[in-house]
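One-letter residues, chain by chain:
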There are 4 protein chains.
Amino acid sequence: MAIQVVVWGENIHDRENEVVRDLYPNGMHGTIADALNQDAGIEATTATMEQPEHGLSEERLARTDVLTWWGHRDHGGVDDAVVERVAQRVWEGMGLLVLHSGHFSKIFKKLMGTPCSLTWREAGEKERIWVINRGHPIAQGLDSHFVIPQTEMYGEPFAVPEPMETVFISWYDGGEVFRSGLTYQRGAGRIFYFSPGHEVYPIYTDANVQTVLRNAVKWAANPAPALTDISDAPNRPTDKALEPIVERGPTLHVDGEIGFR
Amino acid sequence: MAIQVVVWGENIHDRENEVVRDLYPNGMHGTIADALNQDAGIEATTATMEQPEHGLSEERLARTDVLTWWGHRDHGGVDDAVVERVAQRVWEGMGLLVLHSGHFSKIFKKLMGTPCSLTWREAGEKERIWVINRGHPIAQGLDSHFVIPQTEMYGEPFAVPEPMETVFISWYDGGEVFRSGLTYQRGAGRIFYFSPGHEVYPIYTDANVQTVLRNAVKWAANPAPALTDISDAPNRPTDKALEPIVERGPTLHVDGEIGFR
Amino acid sequence: MAIQVVVWGENIHDRENEVVRDLYPNGMHGTIADALNQDAGIEATTATMEQPEHGLSEERLARTDVLTWWGHRDHGGVDDAVVERVAQRVWEGMGLLVLHSGHFSKIFKKLMGTPCSLTWREAGEKERIWVINRGHPIAQGLDSHFVIPQTEMYGEPFAVPEPMETVFISWYDGGEVFRSGLTYQRGAGRIFYFSPGHEVYPIYTDANVQTVLRNAVKWAANPAPALTDISDAPNRPTDKALEPIVERGPTLHVDGEIGFR
Amino acid sequence: MAIQVVVWGENIHDRENEVVRDLYPNGMHGTIADALNQDAGIEATTATMEQPEHGLSEERLARTDVLTWWGHRDHGGVDDAVVERVAQRVWEGMGLLVLHSGHFSKIFKKLMGTPCSLTWREAGEKERIWVINRGHPIAQGLDSHFVIPQTEMYGEPFAVPEPMETVFISWYDGGEVFRSGLTYQRGAGRIFYFSPGHEVYPIYTDANVQTVLRNAVKWAANPAPALTDISDAPNRPTDKALEPIVERGPTLHVDGEIGFR
């Protein structure tokens, strides 16, 4: 069965900013979903912020293999309950692609446990993305590097934890560098952060960028059954211990009690 | 100058439970602080939940090098603003020791980005703690292993990210294992999780446990200046770029604008 | 196309020790290959030490996706040239499963860069293997733990680098623990170390162990083209630089010279 | 007591090449040792390749806390026995700083388990080194970045394992990037690779570079007792097991036998 992807878009600049509207008539999420659907193994649909529950109901997330996240203008407007729901699904095994300004989204900051801050400049300068880990599934089909002719600069230090893998590092005309492709694992869920994607440039129509997105979806999809119990803390009572033991000493909990939270 | 430590205690069972009160007349935080103060290079004081701002004012945290955290009965009662404040200080460089049931504290879950769940059993069984990384500063002065005669079992799977280092792994009478000593880095702050410490047993009076705590405080203390700007995302304008560049193409932001959050 | 696996066996105790011969009439490699071939997506053949080039010619390795390695009695007898050849193929992208006493093989020590030492006891005691990373591909189809009724104890400290992922940790009757399933990446190649497999017990006939081996083969197979140039250090001459630069200052190398090794 | 450092220099170009001789009248090792000795907490001496045992006798290494390694012209000429000796000391706890072209030294390749290859260009171009991990001890006293006016370009992909920490990333005039400061742990030993240092430019006289070297020495020094037994694999016989067990089933080893290698 095809990998089920939901492409989430904040959909504010996509509608309100003329430049963005011209570049992405169906929104950035529309262009991204189209790019993903070029792969027969992927079925991508979209969800946007203005929809009920931001388009991310429990039921829909439950059948989503990979979620992609692009937001910029109103991170603060995303409902905390939806953020919790997405995090739980990532821990259970749903893949997550965090794109560009999504570095400051609630969901990325929650999963990283760090500020996720960086430096930035909007000058339309050139970005050259170097492949660090050539054997990585996300880098397949790319040359040793590729260029994004006009980009927003994102510069180090990028306040994220050490990644599982550094897949890409970017070079900028203006003199900065940035770890532009990083992987993480949280619970059973794989996370890929990819920095290119400023909305006033046609970055999501770039063939190399689209290759990265398709590769990343396939890398992030975890076919294992969802770990729906991953947030539970089950008691293993003494009489069911794997090795025979006898209870000794005082106890705090009464039998069958649930642990404190 | 000595390392400034604040030993934080929830101080509920310490007061309300007779067994705990007898074991720890000054609270577990009192016993832990005394153990730390045996080292001339450490100055430890205590803070408890019932104090204003849980004893963790901005001013006090600003001069704290390492914070230790023990909570169990009422994680939910910890003020979110204090949790944010502690997280910010960790990112700036404050060390953090998370103890035992603190695995489910708001601050640990926030910094890990995972559920931090585990399995558990309160049977007073034996725990043998193996040193995995003998050269690690936290393991100095220990033998290849040590025993805690009566413990609460914490079992795998422990839903945390892959650690920077696995320092200890525990063996239990009842047949389980647990990664009982793990290190993490978040921003400039070092984090050590250490699982022994159930309140109805005299674990914090154990000489080996006290050695671990003193070692961990010294390991976690970062003498570098606090990165008070770590959550900022500064703009680096085109006219101040390190390499001469010319702005090209459309822009979203107006000059001097602050980035979106 | 099916994943091409070569199951390498030292084949000394398999022939010379009566107990091993009775357990594994076709050698441990034969039993392992049979277990792998139960999966239609895998085509496993065997190679043994006494064959020319230990059965691992350049040509054969070039078409191998995953190599499994079991050796014990005569690690020192493995030809260094073959070890180099296997390492190069791992760096290019071939997967490698290192089994049991293979922890002391030349190839594993070479790829780890550490002594790979451990403690051990041959008492036929019980080993309980806990799944640490339940969402990991290698753990699929397993319960939360499984038991090996008779095992050789391998104990910590295991002198290997911090792994990419800790997949399994073992509990032993005699009181030890061991990180029994660890993953690494070296170049484009994925490596999985799995500790059960002492030759005088029927461990490779165990259904759970066979599941692990099949899962690990699929996890380790990298479908990307081999990075046959991964050990090269190409010069990028000034006149072909991606950005226009002018050579300045003295030089050590003459034009077209190959770098020193 | 001061940290005991041995600054190892290949000392070939230092003597034979006029440019290098003029820049470093006492050899690069001499300049590096002088820079380290500016810190009262460090006592640095030098050793060079042409000395007996390359200046690295067992006795001298045994009292060395941190070794720095610069080689280029004749990596192949380094005696394998000395390489083994250095590796053993790293595993025991000696720190190691690998400098510039030392990426292709036998000792670095041995400890990494990868080819350690990269791309390169000798054009005297500008290198800007960005601090990625501002709170790291090795980055103390540096600004957010610093410039090396004339450098040899080292470019990605750098075929090393994922590091413990990425401390620095370099930007080059010619369009490349490089992870120029990386940390690793092997056994009890800490390793820092630092890429600047081409011999025909005065890089080791640069104030920022010298700060990095002093910081790195202090970071790499491990005050713990040397783990001289780290390469041993001790048997833990049944009658000395920590938990009472009874030997069951067949055995391969006879009592008191040493494990195979």
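Chain A goes by Trehalose utilization protein in an unreviewed UniProt entry, where it is assigned to Bauldia litoralis.

A. Seen up close, the overall build of chain A. Secondary structure assignment for chain A yields seven helices and nine strands. Each principal axis of the C-alpha distribution contributes one length, and for chain A these read about 70 × 40 × 35 Å. Out of the 261 residues in chain A, the part that is buried amounts to 67%. Roughly 8700 Å² of accessible area belongs to chain A as shown, and the carbon and sulfur atoms make up 49% of that amount. Seen as two clouds, the 23 positive and the 37 negative side-chain charges of chain A have centres 3 Å apart.

B. Region of interest: the interface of chain D and chain C. Chain D puts 68 residues into the contact, and the matching count from chain C is 69 residues. Between chain D and chain C, roughly 5300 Å² of surface is buried when both sides are summed, and carbon and sulfur atoms account for 58% of that area. For the side of chain D that touches chain C, the secondary structure elements donating two or more residues are α6 (106-112), β5 (119-131) and β6 (145-155) of chain D. Considering each element in turn, the side of chain D that touches chain C owes the most residues, eight residues, to β5 of chain D. Among the residues forming the side of chain D that touches chain C, the class breakdown is 27 nonpolar, 22 polar and 19 charged.

C. Representation of unusual backbone geometry. Note that the residue after E156 of chain A, namely P157 of chain A, is joined by a cis bond; omega there is 5 degrees. Of note, P157 of chain A is situated in the loop between β6 (145-155) and β7 (165-172).

D. Just the packing of helix α3 (residues 27-37) of chain D against helix α7 (residues 207-220) of chain D, in detail. Residues and elements named next belong to chain D. In contact at an axis separation of 9 Å, α3 and α7 are set at 70 degrees when each is read in the N-to-C sense. Considering their axes alone, α3 and α7 lie roughly perpendicular with respect to each other. Relative to α7, α3 is oriented so that their crossing is right-handed. Contact residues: I32, A35 and L36 in α3; Q210, L213, R214 and V217 in α7. Residues that form the contact of α3 with α7 fall into these classes: five nonpolar, one polar and one charged.

E. Seen up close, the relation of the copies chain D and chain C. Each copy of the sequence occupies a distinct position, and chain D is placed on chain C by a rotation of 180 degrees and an axial shift of 0.0 Å, giving an RMSD of 0.0 Å. Expressed as a symmetry operation, the mapping of one chain copy onto the other fits a two-fold axis. Taking C-alpha positions as the reference, the residue of chain D nearest the rotation axis is G113 of chain D, at 2.6 Å. The share of interface residues of chain D whose copies in chain C are also at the interface is 100%, consistent with both copies meeting through the same surface.

F. Summary view of the packing of aromatic side chains. According to the stated counting rule, one finds 42 aromatic pairs over all chains in the structure shown. An angle of 10 degrees between the planes, with centres 3.9 Å apart, marks the rings of W8 of chain A and W69 of chain A as stacked. Highlighted residues: W8 of chain A in strand β1 (residues 3-9) and W69 of chain A in strand β3 (residues 66-70), separated in sequence by 61 residues. Grouping residues by exposure puts W8 of chain A and W69 of chain A together as buried. When the ring of F108 of chain C is compared with that of Y193 of chain C, the centres are 5.4 Å apart and the planes differ by 25 degrees; the resulting orientation is stacked. With F108 of chain C in helix α6 (residues 106-112) and Y193 of chain C in strand β9 (residues 189-194), this residue pair connects regions lying 85 residues apart in the sequence. One exposure class covers both F108 of chain C and Y193 of chain C, and it is buried. Here a set of aromatic residues connected by ring pairs shows up, and it is made of F108, Y154, F158, F178 and Y193 of chain A. If you follow R128 of chain A out to its NZ or CZ, it ends over the ring of W171 of chain A, 5.0 Å from the centre.

G. Region of the structure containing helix α5 (residues 80-92) of chain C. Residue and element names in this part refer to chain C. Taking 1.5 Å as the rise per residue, α5 with 13 residues should run 18 Å; its terminal C-alpha atoms sit 18 Å apart, in good agreement. With ten of 13 residues buried, α5 is to be regarded as a mostly interior element. Residues of α5 that are buried in the fold lie against α4 (58-62), β3 (66-70), β4 (95-99), α6, β8 (177-186) and β9. Immediately beyond the C-terminal end of α5, within one or two residues, lies G93, with a positive phi of roughly 135 degrees.

H. Local environment of the sheet that holds strand β7 (residues 165-172) of chain D. All names here are of chain D. Taken together, the nine strands give an open sheet; going across it, the order is β2-β1-β3-β4-β9-β8-β7-β5-β6, and neighbouring strands pair in mixed fashion. What marks the edges here is a single partner per strand, and that holds for β2 (42-48) and β6. Averaged over neighbouring strand pairs, the angle between their axes works out to 25 degrees when direction is ignored. Seen against the sheet, α3 touches β1 (3-9), β2, β3 (66-70) and β4 (95-99) and runs at an angle of roughly 170 degrees to β2. Packing of helix α5 (residues 80-92) onto the sheet brings it into contact with β3, β4, β8 (177-186) and β9 (189-194), and relative to β9 it is tilted by some 115 degrees.

I. Structural context of the environment of Y172 of chain A. Following the sequence through the fold, Y172 of chain A ends up in strand β7. Note on Y172 of chain A: relative accessible area 1%, which makes it buried. Sequence-wise, Y172 of chain A and T68 of chain A are 104 residues apart; in three dimensions their C-alpha atoms are separated by 25 Å. Apart from residues lying up to four places away in sequence, Y172 of chain A is in contact with E125, K126, E127, T151, E152, M153, Y154, V177 and F178 of chain A together with W171 of chain D.

J. Focus on the interface of chain D and chain A. Residue-level contacts link 21 residues of chain D with 21 residues of chain A. Taken together, the two surfaces of chain D and chain A that pack against each other cover about 1700 Å², and 63% of this comes from carbon and sulfur. If you sort the residues of chain D by the area they bury against chain A, W130, E162 and W171 of chain D come out on top, with a joint share of 30%. At the surface where chain D touches chain A, the tally comes to zero salt bridges. Across the contact surface, chain D and chain A share eight residue pairs in polar contact (both at pLDDT 80 or more). Those elements giving two or more residues to the side of chain D that touches chain A turn out to be β5, β7 and β8 of chain D. With six residues, β7 of chain D is the largest single contributor of residues to the side of chain D that touches chain A. Classifying every residue of the side of chain D that touches chain A by side-chain character gives nine nonpolar, four polar and eight charged.

Definitions and limits used
- Residues numbered from 1 in each chain as written.
- Chains lettered and ligands numbered in written order.
- Predicted model: local features only at pLDDT ≥ 70, side-chain atom pairs only at ≥ 80, totals over all residues.
- Heavy atoms only, no water.
- Helix = DSSP H or I, 4+ residues; strand = E, 2+ residues; numbered from the N terminus.
- Buried < 20%, exposed > 50% of the residue type's maximum accessible area, 1.4 Å probe, protein only.
- Areas by Shrake-Rupley, 256 points an atom, 1.4 Å probe, with all protein chains shown as cover.
- Lys, Arg positive; Asp, Glu negative; His and termini not counted.
- Charge placed at Lys NZ, Arg CZ, Asp CG, Glu CD.
- Contact = heavy atoms within 4.5 Å.
- Buried area = accessible area lost by both parts, 1.4 Å probe.
- Nonpolar A, V, L, I, M, F, W, Y, C, P; charged D, E, K, R; others polar.
- Axes fitted to C-alpha atoms, helices over the stretch in contact; angles between N-to-C directions.
- Parallel < 35°, antiparallel > 145°, perpendicular 65-115°, else oblique.
- Left-handed = near helix turned anticlockwise from the far one by under 90°.
- Least-squares fit on C-alpha atoms with pLDDT ≥ 70 in both.
- Phe/Tyr/Trp six-rings, centres within 6.5 Å; stacked < 30°, edge-to-face > 60°.
- Lys NZ or Arg CZ within 6 Å of the ring centre and 35° of its normal.
- Expected span 1.5 Å × (residues − 1).
- Pairing = 2+ DSSP bridges.
- Salt bridge = Lys/Arg side-chain N within 4 Å of Asp/Glu carboxyl O.
- Polar contact = N/O pair within 3.5 Å; in protein donor to acceptor, adjacent residues only side chain to side chain.

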